[in-house]
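Single-letter residue listing:
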Amino acid sequence: MSLAYTATDSAAPFQLRPVTPSVGAEVSGIDLTESLDEKAVAALRAALIEHGVLFFRDQPVTPDHQVAFARRFGHVPKVPDSMFLVHEANPHVSVLLNDADRPPTVNNWHSDYSFAPLPDFASVLRSVVVPDCGGDTVWAGMFAAWDGLPDRMQQHLDGLTATHDFMKLYERPVKKRLWEGERGRLMEAARREFPPVSHPVVRPHPESGRKALFVNESFTRHIDGMSEQESRHLLAFLFEHCKAPEFQVRFRWSPDCVAMWDNRSVIHYAVADFHPARRLMHRVTVLERLREG
Ligand SMILES: [Fe+2]
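What counts and what doesn't
- Residues numbered from 1 in each chain as written.
- Predicted model: local features only at pLDDT ≥ 70, side-chain atom pairs only at ≥ 80, totals over all residues.
- Heavy atoms only, no water.
- Donors = N, O, S within 2.8 Å, 3.2 Å for Na, K, Ca; no water.
- Buried < 20%, exposed > 50% of the residue type's maximum accessible area, 1.4 Å probe, protein only.
- Helix = DSSP H or I, 4+ residues; strand = E, 2+ residues; numbered from the N terminus.
- Contact = heavy atoms within 4.5 Å.
- Pairing = 2+ DSSP bridges.
- Axes fitted to C-alpha atoms, helices over the stretch in contact; angles between N-to-C directions.
- Expected span 1.5 Å × (residues − 1).
- Arc of directions from axis to C-beta.

A.B. asks: I'm lost on the coordination of the iron ion in this one. Help?
C.D. replies: Where a metal carries four tetrahedral donors, each ideal angle is 109.5 degrees; where it carries six octahedral donors, the ideal angles are 90 or 180 degrees. Taken together, His110 (NE2), Asp112 (OD) and His268 (NE2) make up the protein donors of the iron ion, found 2.1 to 2.2 Å from the metal. Donor residues for the iron ion, ordered by position in the chain, follow H-x1-D-x155-H. With a relative accessible area of 7%, His110 lands in the buried category.

Okay, structure coming up:
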């Protein structure tokens, strides 16, 4: 039985409206401050897997609501207090804060924790304070990106693996602030915790089997077994390919929105066009299973 409801399906526990054919759907008629029944959770999961990112508006969820919602989909780890600030009332919630003193620096395409042996399954991001304009987030659908490659390129890539490295992003000068003072000690610990790791360049989705391209500009360092030059050119082609607007959806935040995305099939980019305005977001991570250690 398909759990992919349409906007006109009277049996649906919510309404679903795709935003683009490639990626993203808006969900309405659901209250994330309430406990959802199994049917609604299963239907949301099916929608997430099909559309890659779900958008919910007018959801005044507390950090506890957000964590309870995320837990319906998998394991919710505590926030590692190295790269992110931790919410004082709930250690499972990351606080993403930008203002005049903290300019935004996540304007790079990435998949959350692709540098980990077990990358994040889903991320659940809630807007608390948003700029009057700007501060959008953009997602690219990696099913569509894979489907959009020529057959010969797909054959070339299938079976390859690539090394993902935490340091590819965090060694950049723009991240220098993170390595200063007490924070620097935590970053060193994160560097030791996440040595470079290999992942397939194309991954069948673990739940749907659909193939998704799994590389991102922030963390994918090189294609294994290739010369430095061949890898650099091939990755440059793939990074550029993923930026086609046909694969993308862009979300304009207002306060109390929630976006939930599947890091196994989308990459995302936080548009850094709003400095010095304030932007405050709460993020919760969902894992398929708990990381060891
Ligand atoms: Fe992210």
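A.B. asks: Looking at this structure, how should I read the environment of Phe219?
C.D. replies: With respect to the element layout, Phe219 can be found in the loop between strand E11 (211–213) and strand E12 (220–223). Sequence-wise, Phe219 and Asp112 are 107 residues apart; in three dimensions their C-alpha atoms are separated by 9.5 Å. For Phe219, the residues in contact, after removing those within four places along its chain, are His110, Ser111, Ser114, Phe115, Thr163, His164, Asp165, Phe166, Lys168, Leu169 and Tyr170.

A.B. asks: Before we go on, may I ask you to explain the sheet that holds E12 in this structure?
C.D. replies: Taken in spatial order, the 3 strands make up an open sheet running E9-E8-E12, and their pairing is antiparallel. Of all strands in the sheet, those with a lone pairing partner are strand E9 (197–200) and E12, marking the two edges. Strand-to-strand twist in this sheet, taken as the mean axis angle between neighbours without regard to direction, amounts to 35°. In the sheet, strand E8 (residues 161–164) pairs with E9 via 4 bridges, with the strands oriented antiparallel. Opposite His164, over in E9, you have Val197 as the bridge partner.

A.B. asks: Teacher, can you tell me more about helix H6 (residues 181–193) here?
C.D. replies: Compared with the 18 Å implied by 1.5 Å per residue over 13 residues, the 19 Å span of H6 between its first and last C-alpha is a close match. Listed in full, the buried residues belonging to H6 are Gly184, Met187 and Ala190. One side of H6 holds all its buried residues, which, seen down the axis, span an arc of 115°. Of the exposed residues in H6, those oriented more than 90 degrees away from the buried face are Arg185, Arg192 and Glu193.

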